[in-house]
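Structure at a glance
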Amino acid sequence: MDAFLITAGHIDGHEAEALDPGRIEPETFGPASGPVDAGDLNFDAFDLDGDGTVDSRVVHSDDAVVIVSDFDRDGSADRLTMIESDGDYSAWECSRDDEGALVWQKIDAGAL
Ligand SMILES: [Ca+2]
Ligand SMILES: [Ca+2]
C-alpha cells in the first residue's frame, strides 16, 4: 500500500472513544488499547521534554500511577508511563500503522 495522509474522515467512526487514563489497567493495556485522552494539560501539568510547553500530567488509576504525555498537544496521548504499586513500570508510545490504526508499543519496562 502506498503511503497516504490520515484525514479526519478516515478516522471518523473507525476508532473507539478515547480511553480515560484514570481507567488504565497495566495488566490489560496493550497495543490495541486505542487512543488515550490526554485530558486537561492546563492544570497540574509539567514539561517532560523541556521544550517550554507543558505536555504531561499524572493520573491515578485504580492500579497504577500513569504519566500521560501529549507532546503535540492534539488531545490524544503520545506516551504513557505506568507505575504500579509494587514498583513495576512500563512505558508505551503510540504510532499509526499502515492502515491508520493507532498502535501502542512498549518502549521500556522494569522495576523501580
Ligand atoms: Ca514539552
Ligand atoms: Ca498527541
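Refer to the preceding data block for the structure.
Residues numbered from 1 in each chain as written. Chains lettered and ligands numbered in written order. Predicted model: local features only at pLDDT ≥ 70, side-chain atom pairs only at ≥ 80, totals over all residues.

Examining the overall build of the chain
In plain terms, the rule: Helix and strand assignments come from DSSP, with helices taken as H or I runs of at least 4 residues and strands as E runs of at least 2, each series counted from the N terminus. Whether a residue is buried, exposed or partly exposed is read from the other C-beta atoms within 10 Å of its own C-beta, which are placed from the backbone; 20 or more gives buried, 12 or fewer gives exposed, and intermediate counts give partly exposed. Throughout, a pair of residues is in contact if the C-beta atoms placed from their backbones lie within 7 Å.
Scanning the chain for helices and strands turns up one helix and six strands. With 112 residues in all, the chain has 21% of them scored as buried. Counting only contacts in the chain whose residues sit at least 6 apart along the sequence, the fraction spanning at least 24 positions is 34%.

Quick look at the nonpolar core
Most often, soluble globular proteins keep nonpolar side chains buried together rather than apart. To be explicit about the condition: Under the definition applied here, buried Ala, Val, Leu, Ile, Met, Phe, Trp, Tyr and Cys residues are grouped into a nonpolar core through C-beta atoms within 7 Å.
Counting residues in each nonpolar core, the largest one holds 14 residues, and the members touching the most others are I24, V66, V68, A77, L80 and M82. If you list the elements that add at least two residues to this core, you get β3 (64-69) and β4 (79-84). Per-element accounting of this core gives the leading share, four residues, to β3. Not counting residues up to four positions away in its chain, the partners in contact with L80 are V36, V66, V68 and W92.

Looking at the pairing of strand β2 (residues 56-60)
The condition that has to hold: Note on pairing: two strands pair once DSSP finds at least 2 bridges between them.
In this structure, strand β1 (residues 45-46) lies alongside β2, joined through two bridges in antiparallel fashion. Paired with F46 across the bridge in β2 is S56. The hairpin formed by β2 and β3 contains three residues between the paired strands.

Things to note about the sheet that holds β1
Strand order in this open sheet of six strands is β1-β2-β3-β4-β5-β6, and the pairing throughout is antiparallel. At either margin of the open sheet sits one strand with a lone partner, and together these are β1 and β6 (102-111). Pairing of β3 with β4, which is carried by six bridges, proceeds in the antiparallel orientation. Paired with A64 across the strands is E84, a residue of β4.

Brief notes about the pairing of β6
Bridging between strand β5 (residues 88-96) and β6 involves nine bridges; their strand directions are antiparallel. Its bridge partner being in β6, Y89 is matched across the sheet by G110. Taking the residues between adjacent antiparallel strands as the criterion, β5 and β6 are bridged by five residues, where G100 takes a positive phi near 90°.

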